[in-house]
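# Architecture and fold: a report
For reference, the chains in residue letters:
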Amino acid sequence: MAHNGSHSKYATLVSSDGFEFVLLREATFISPAIKSMLDPKSQFAESKTGRCVFEEISGMVLEKVVEYFQYWYKNKEREDVPDMEIPVELCLEILTAADYLGIDNHL
């Protein structure tokens, strides 16, 4: 279904194995990479569709990344925020994804 994603308040992130995660576009802005991709002034196709496909990030890892985006967005104005639980077995893959998305300095 084609729609103009540049006017939507939501963005869709798609994993390498086809899982789709819909979340507030503003919640993705912690990632400079995604923010650039969705910027209406950019020439990226993602800015028009509102969909970002990550061929190198699995659904299991992207789910945790999306969970972090939402956690950050919900708590960004708070000072005393508890740590988010991250499964030990996913730590390396999540750090790799965080580096790729430019959010490694927020973890």
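Counting starts from 1 at the beginning of each chain's written sequence and moves along it residue by residue. Confidence filtering applies because this is a predicted model: local features only for residues at pLDDT of at least 70, side-chain atom pairs given and counted only at 80 or more, and all residues used for totals across whole chains, interfaces and linings. Derived side-chain values reflect all non-hydrogen atoms in the structure, with water molecules and hydrogen atoms excluded from consideration.

Here Val-14 is to be found in strand E1 (residues 10-14). As for Val-14 and Leu-62, which are separated by 48 residues in sequence, their C-alpha atoms are 8.0 Å apart. Contact definition: two residues touch when any of their heavy atoms are within 4.5 Å. When sequence neighbours within four positions are dropped, the list of residues in contact with Val-14 reads Phe-19, Glu-20, Arg-51, Cys-52, Val-53, Phe-54 and Leu-62. For helices the rule is a DSSP run of H or I covering at least 4 residues; for strands it is a run of E covering at least 2, with both sets numbered from the N terminus onward.

The next subject is the pairing of strand E2 (residues 20-24). Bridge count for E1 against E2 is five bridges, and the pairing is antiparallel. What sits directly across from Leu-13, in E2, is Phe-21. Two strands pair under a simple rule: DSSP has to find at least two bridges between them. Connecting E1 to the next strand, E2, in antiparallel fashion are five residues, including Gly-18 with a positive phi near 90°.

Quick look at the sheet that holds strand E3 (residues 51-53) now. With mixed pairing, three strands are arranged side by side in an open sheet as E2-E1-E3. Two strands close off the open sheet at either side, each with one partner strand: E2 and E3. The sheet shows a mean angle of 20° between the axes of neighbouring strands, taken without regard to direction. Note: E1 against E3, three bridges, orientation parallel. Looking at E3, one finds that Val-14 is bridged to Val-53. Across the face of the sheet, helix H3 (residues 59-75) comes into contact with E1 and E2 while running at roughly 10° to E2. Structural elements are reduced to axes, namely lines fitted to C-alpha atoms, with helices fitted over the stretch in contact, and the angle between N-to-C directions of any two is expressed from 0 to 180 degrees.

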